[in-house]
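One-letter residues, chain by chain:
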Amino acid sequence: MTKTITICRPNGFCAGVERAIKIVDLALEAYGAPIYVNHEIVHNQHVVDDLASKGAVFVDDLNDVPMGAKLIYSAHGVSPEVREKATTRGLEEIDATCPLVTKVHLEAIRFAKKGYHIFLIGHANHVEVIGTYGEVPDHITIVEPVDGPQLQAQIQALPQPEGEKTIYLTQTTLNVDDCMTVVKALKHRFPNLESPPKDDICYATSNRQNAVKAVAPHVDYFIVVGSPTSSNSRRLVEVARSLGCNADLIPSAAEMDSIDLKQVQHIGITAGASTPDILVQGIIHKLKQAGFSEVKESEFVEENMSFSLPKDFRSDLATRGIPV
Ligand code: SF4
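Residues numbered from 1 in each chain as written. Predicted model: local features only at pLDDT ≥ 70, side-chain atom pairs only at ≥ 80, totals over all residues.

**Some details on the site of the ligand**
Turning to step 1, where the next piece is worked out: Near the ligand you find 15 residues, and of these Cys14, Gly16, Cys98, Thr172 and Cys202 are the closest.
Turning to step 2, where the next piece is worked out: Of all elements in the fold, only α1 (15-31), α4 (99-113) and α8 (203-215) reach the threshold of two or more residues within the shell around the ligand.
Turning to step 3, where the next piece is worked out: The leading source of residues in the shell around the ligand is α1, at three residues.
Turning to step 4, where the next piece is worked out: Of the residues in the shell around the ligand, the class split is 10 nonpolar, five polar and no charged. (Near = placed C-beta within 6 Å. Helix = DSSP H or I, 4+ residues; strand = E, 2+ residues; numbered from the N terminus. Nonpolar A, V, L, I, M, F, W, Y, C, P; charged D, E, K, R; others polar.)

**A closer look at the sheet that holds strand β4 (residues 70-73)**
Turning to step 1, where the next piece is worked out: If you walk across this open sheet you meet the four strands as β3-β2-β4-β5, and the pairing is parallel. The sheet is open, and its two edges are formed by β3 (56-59) and β5 (92-95), each paired on a single side. Neighbour-to-neighbour, the strand axes of this sheet turn through a mean angle of 30°, independent of strand direction.
Turning to step 2, where the next piece is worked out: Bridge count between strand β2 (residues 35-38) and β4: three bridges; the pairing is parallel. The partner of Asn38 across the bridge, within β4, is Tyr73. (Pairing = 2+ DSSP bridges. Axes fitted to C-alpha atoms, helices over the stretch in contact; angles between N-to-C directions.)

**What about helix α11 (residues 311-319)?**
Turning to step 1, where the next piece is worked out: Of all the nine residues making up α11, zero are buried; the element is thus mostly uncovered.
Turning to step 2, where the next piece is worked out: Where α11 ends, the next residue or the one after it, Gly321, has phi of about 70°, a positive value. (Buried ≥ 20, exposed ≤ 12 C-beta atoms within 10 Å, placed from the backbone.)

**Thoughts on the pairing of strand β10 (residues 246-250)**
Turning to step 1, where the next piece is worked out: Pairing of strand β9 (residues 221-225) with β10, which is carried by five bridges, proceeds in the parallel orientation. When the bridges of β10 are listed, Tyr221 appears paired with Asn246.
Turning to step 2, where the next piece is worked out: In terms of handedness, the path from β9 via helix α9 (residues 231-242) over to β10 forms a crossover that is right-handed. (Right-handed = clockwise from strand over helix to strand, strands pointing away.)

**As for the packing of α4 against helix α5 (residues 127-135)**
Turning to step 1, where the next piece is worked out: Interaxial distance between α4 and α5 falls to 8 Å at its minimum, and their mutual angle equals 30°. Comparing their axes, α5 and α4 come out roughly parallel. Two packed elements cross with a definite hand, and for α4 against α5 that hand is right-handed. Residue-level contacts link Val101, Val104, His105, Ala108 and Ile109 of α4 to Glu128, Gly131, Thr132 and Glu135 of α5.
Turning to step 2, where the next piece is worked out: For the contact of α4 with α5, the class distribution of residues is four nonpolar, three polar and two charged. (Parallel < 35°, antiparallel > 145°, perpendicular 65-115°, else oblique. Left-handed = near helix turned anticlockwise from the far one by under 90°. Contact = placed C-beta atoms within 7 Å.)

**Digging into the domain arrangement of the protein chain**
Turning to step 1, where the next piece is worked out: Each domain of the protein chain was delimited in the assignment, giving domain 1 (4-13 + 203-299), domain 2 (15-98 + 306-319) and domain 3 (100-189).
Turning to step 2, where the next piece is worked out: Centre-to-centre, using C-alpha coordinates, domain 1 lies 30 Å away from domain 3.
Turning to step 3, where the next piece is worked out: Listed by partner, the interface residues are eight residues for domain 1 and seven residues for domain 3.
Turning to step 4, where the next piece is worked out: Of all the secondary-structure elements, those providing two or more residues to the side of domain 1 that touches domain 3 are α8 and α9.
Turning to step 5, where the next piece is worked out: No other element matches the five residues that α9 contributes to the side of domain 1 that touches domain 3.
Turning to step 6, where the next piece is worked out: Residues belonging to the side of domain 1 that touches domain 3 are distributed by class as follows: one nonpolar, five polar and two charged. (Domains from an automatic or database assignment.)

In structure tokens:
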């Protein structure tokens, strides 16, 4: 029987990741190395190593950035505390925060001003959640997207917020189904809980998860190409497994040797929103060498989203004659 590979579409880079990487590349071209970046610009080691080789310096502590240097904020966003520290050190910020993350920050600020208490569903130790929480910490309670008895225990232990008005917001890269389970449990405990005006889980996260859902019933193994630090990549593994399909997160072809594919006939492949296509192609190449001779594509939806660069940055590039 022919061994097949089914590639999920869309997979890989989203508009926010493309924009963030482009900002670092253009900053290096405009200002020269080194260019400092707060945190990994996106959660993919290959991308980080590539930009580091061109002169980007990734830091997790602004004390490591020389006074007055240029500093890029990663796609995940930062809290006001980080911005204040950057100002104190005289750093010139270039903001590569994904506009869809900024949207959640602005929602948090807006609803806090209106007197809401916000339940922010997300992973408390993820940089995106740390940034959103930091906008209005006195008005936010973080709710972890866990399931089963753990979820019930967590919801029961939540303190009753002062005032009547409550709303939930979410991290942009959650598992859509798990998030809905948390929302249902929250609404059971707080019947007046309001929903955000528009979903916070972003288009790229839900499209990649839906593409996996369409393919998983037809394959016996799923490879999700992505770094272990990538939240949306890990969620894709969960989605495939939740449909009964074996699935693994594999950063690149170099990490495939331990996988036993002898019993596998049909493989599905996808990639997180921060994974470059070159890594996906490397894995497909290796699968072909292992006898997976037929390659098919399964397109859930066509994506054509793009985000413009920050206005000030664009203007500065224009004065330097650098096309964007
Ligand atoms: S995954 Fe979504 S929120 Fe995150 S950078 Fe991409 S588009 Fe933006």
